[in-house]
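Residue-level structure breakdown
This is what each chain is made of:
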Amino acid sequence: MGTILIAPGDRNEKKERFKGKSQWIKFRCSIYEKKMLRVKAKQSGLTLSEFCRKAIYKKGIKERLSDDHIEIYKTLHKFHNNFKSIGNMYRKKDPKLTREVYDLANLIKAHLEKLKG
């Protein structure tokens with residue numbers, strides 16, 4: 001009869017998560033380089049190991065948006081929608097104004113795409 005051991009603190013899950021990754025790599029770097037690696041990994045929302053793996057495979061490493069950046073993104077998105085609505089209201093009355101408003105909305109959309117990555 002087998003005994004099932006349940007480790008406190010979800011230690012059993014950690015064993016499954018690291019399955020297949022049993023080799024260690026160590027390298028020397030300056031204190032500054034180590035701090036930069038940790039800062040960049042934290043900014044991207046990754047562990048140091050995940051950050052290094054993504055860097056090796058040349059996968060895109062994106063910074064996570066802070067709460068302030070998310071609020072700015074939402075506000076810009078509202079502005080984009082509002083300018084499109086304004087352009088639609090004046091489409092028949094003033095085509096020149098409509099074109100300028102649409103250009104502004106497209107400029108805002110371009111900035112939103114940059115933030116999105």
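Because the structure is a prediction, the values reported are computed rather than measured.

1. Some remarks on the overall build of the chain
Counting secondary structure elements, the chain contains five helices and zero strands. Counting from the amino terminus, the chain carries its helices and strands in the arrangement α-α-α-α-α. Residues classed as buried in the chain amount to 9% of the 117 residues present. Residue pairs at least 24 apart in sequence account for 31% of intrachain contacts in the chain once pairs closer than 6 positions are excluded. When the accessible surface of the chain is summed, it comes to about 11000 Å², and 57% of that surface belongs to carbon and sulfur atoms.

2. With respect to a nonpolar patch on the surface
The grouping of I86, M89, Y90 and L97 at the surface amounts to a nonpolar patch, some 340 Å² of accessible area in total. Along the polypeptide, L97 turns up in helix α5 (residues 95-116). On the basis of relative accessibility, which here comes to 33%, the residue L97 falls in the partly exposed class.

3. With respect to the packing of aromatic side chains
In this structure the tally under the stated criterion is zero aromatic pairs. For the cation-ring pair, K84 lies above Y102, with the distance from its terminal atom to the ring centre recorded as 4.7 Å.

4. A closer look at the state of the cysteines
Enumeration according to the criterion identifies zero disulfides in this entry. Take C52: it sits in no disulfide, and the sulfur closest to it among the cysteines is that of C29, at 9.2 Å. Judged by relative accessible area, C52 falls into the partly exposed class, the value being 24%.

How each quantity is defined
Residues numbered from 1 in each chain as written. Predicted model: local features only at pLDDT ≥ 70, side-chain atom pairs only at ≥ 80, totals over all residues. Heavy atoms only, no water. Helix = DSSP H or I, 4+ residues; strand = E, 2+ residues; numbered from the N terminus. Buried < 20%, exposed > 50% of the residue type's maximum accessible area, 1.4 Å probe, protein only. Contact = heavy atoms within 4.5 Å. Areas by Shrake-Rupley, 256 points an atom, 1.4 Å probe, with all protein chains shown as cover. Patch = residues over 30% accessible without salt bridge, like charges linked within 9 Å, V, L, I, M, F, W, Y side chains within 5 Å. Salt bridge = Lys/Arg side-chain N within 4 Å of Asp/Glu carboxyl O. Phe/Tyr/Trp six-rings, centres within 6.5 Å; stacked < 30°, edge-to-face > 60°. Lys NZ or Arg CZ within 6 Å of the ring centre and 35° of its normal. Disulfide = S-S within 2.5 Å.

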